[in-house]
Amino acid sequence: MNIDINKIGTLIREERVRRRITQEELGTKIGVGKAQISKIESGKGLTIKTVTKVLGALNLSVTISLTAPQKIDKRLIGYVVAVISEFAKAYNMTIREASNYLNRYRGIEFLTEHYEAEHLLSIDDSVQDLAQVCYNNGGGVL
Amino acid sequence: MILFHGSNSEITSIDFARCKPYKDFGCGFYLTEIEEQARQMARRTVSIYRGEPVVSRFEFDEIAAGNDPLLSIKRFDEPSEEWALFVIANRSREQKHPVHQYDIVIGPVADDTIATLFRNFDDGIIDLPMLVNGLKYKKVSSQYLFHTQQAVAYLKKL
């Protein structure tokens, strides 16, 4: 799985939930409280030491690969912003809700990956495509 | 000339029932002269609707089509005011469709910078002269719309 390093907290949370372990139980395993686990999962105060401990308790390890960041096209940013705002309008969401939704269900990922095709369609079409993609990935609106 | 269509399966027959509404030139079968563009479209379609990315190739007998007196072909050479209003009408979800009776439409593809101009025009941020001004000197690729069965007769699957 390729995932950004700052998402490691989310990854830990998903794994914990998948195994039906509470934050308290996980905390007990490594000798910290529930609040500390909550903090780690939301990506705050992460150190390599704590991450390793938590992963160890979950019997997981992490591998790192260093890659150059993709150069982001300015036009792409403008396009993504426009589509998020139209998506929010179409589904009666705030911009923040729309961005969270599109991020969580990998709509933004789709948009950046298929920008070359999508930017030749109307913004309405892109909104519809995003709705379908997010729905496929477990999102609730269509 | 050879034209390309990218999709999530091989196109064996052109089925107008499957066309999507509110596209630039209306509901119909779209092709491009740029193979890479068709490939990107195929990958995008697979990513939404699954399947296999396939680029279907067609020979378009442009001369024979142009000589057919019963066939009406509309060609926009560049993104002009007429073209912009035509695309806006076709994309509109409030308008009655189809908005035109052409068998074939050939003309520029609106890219995201043009889409932004359309959006600003829609929202009343810019007026028509400003929109048209923004379209000037834009290098764009072409798309081919086949709108009717009579038009499709001039496409041969390769």
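The structure we're discussing is the one just above.
Residues numbered from 1 in each chain as written. Chains lettered and ligands numbered in written order. Predicted model: local features only at pLDDT ≥ 70, side-chain atom pairs only at ≥ 80, totals over all residues. Heavy atoms only, no water.

## Structural notes on the packing of helix 3 (residues 81-91) of chain B against helix 4 (residues 112-122) of chain B
All names here are of chain B. This is how the line gets drawn: For every element, the axis is a line fit to its C-alpha atoms; helices are fit only across the contacting stretch, and the angle between N-to-C directions ranges from 0 to 180 degrees. Comment: elements are numbered from the N terminus, with helices defined as DSSP H or I runs of at least four residues and strands as E runs of at least two. Orientation categories follow fixed angle ranges, with anything under 35 degrees roughly parallel, anything over 145 roughly antiparallel, 65 to 115 roughly perpendicular, and all other angles oblique. Note on contacts: a residue pair qualifies if any of its non-hydrogen atoms lie within 4.5 Å across the two residues. All residues other than Ala, Val, Leu, Ile, Met, Phe, Trp, Tyr, Cys, Pro, Asp, Glu, Lys and Arg, Gly among them, are scored as polar; the first ten of these are nonpolar and the last four charged.
Closest axis-to-axis distance for the helix 3/helix 4 pair is 12 Å, and the angle between their directions is 75°. Relative to helix 4, helix 3 is oriented roughly perpendicular. Facing helix 3, whose interface residues are Trp-83, Ala-84, Val-87, Ile-88 and Arg-91, helix 4 presents Ile-114, Ala-115, Phe-118 and Phe-121. In terms of residue class, the contact of helix 3 with helix 4 is built from eight nonpolar, no polar and one charged.

## Description of the interface of chain A and chain B
What counts here: A side-chain nitrogen of Lys or Arg and a carboxyl oxygen of Asp or Glu constitute a salt bridge if their distance falls within 4 Å. Each polar contact in these results corresponds to two N or O atoms within 3.5 Å; when the atoms are within protein, one needs to be able to donate a hydrogen and the other to accept it, and residues that are neighboring in sequence are counted only if both atoms are side-chain atoms.
The interface of chain A with chain B comprises 24 residues on the first partner and 21 residues on the second. Between the two partners, chain A and chain B, sit seven salt bridges. For the pair chain A and chain B, the interface holds ten residue pairs in polar contact (both at pLDDT 80 or more). Those elements that provide at least two residues to the side of chain A that touches chain B are helix 5 (74-90), helix 8 (115-118) and helix 9 (123-136) of chain A.

## What to know about the pattern of salt bridges
Convention followed: Three labels apply to residues, based on accessible area from a 1.4 Å probe with only protein chains included: buried if under 20% of the type maximum, exposed if over 50%, partly exposed otherwise in between.
Per the counting criterion, the structure on display carries 20 salt bridges over all chains. A salt bridge links Glu-41 of chain A to Arg-16 of chain A, with the shortest nitrogen-to-oxygen separation between them at 2.5 Å. Note that Glu-41 of chain A is positioned in helix 3 (residues 34-41) and Arg-16 of chain A in helix 1 (residues 8-18), a separation of 25 residues in sequence. A salt bridge links Arg-106 of chain A to Glu-109 of chain A, with the nearest nitrogen and oxygen atoms 4.0 Å apart. Arg-106 of chain A gets classed as partly exposed once you look at its relative accessible area, which sits at 42%. Because the salt bridges share partners, they merge into one network encompassing Asp-124 and Asp-125 of chain A together with Lys-23 and Arg-93 of chain B.

## Considering the state of the cysteines
Residue and element names in this part refer to chain B. As a reminder, the rule being used: The rule for a disulfide is simple: a pair of cysteine sulfur atoms within 2.5 Å.
Counted under the stated rule, the structure contains one disulfide over all chains. A sulfur-sulfur separation of 1.8 Å characterises the disulfide bridge that pairs Cys-19 with Cys-27. Judged by the sign of its S-S torsion, about 85°, the cystine formed by Cys-19 and Cys-27 is right-handed. By relative accessible area, which is 31% here, Cys-27 ends up partly exposed.

## Regarding the environment of Ile-63 of chain B
Residues and elements named next belong to chain B. Considering the arrangement of structural elements, one finds Ile-63 in helix 2 (residues 62-67). Residue Ile-63 is classed as exposed on the basis of its relative accessible area, which comes to 66%. Along the backbone, Ile-63 and Tyr-154 are 91 residues apart, and their C-alpha atoms lie at a distance of 9.6 Å.

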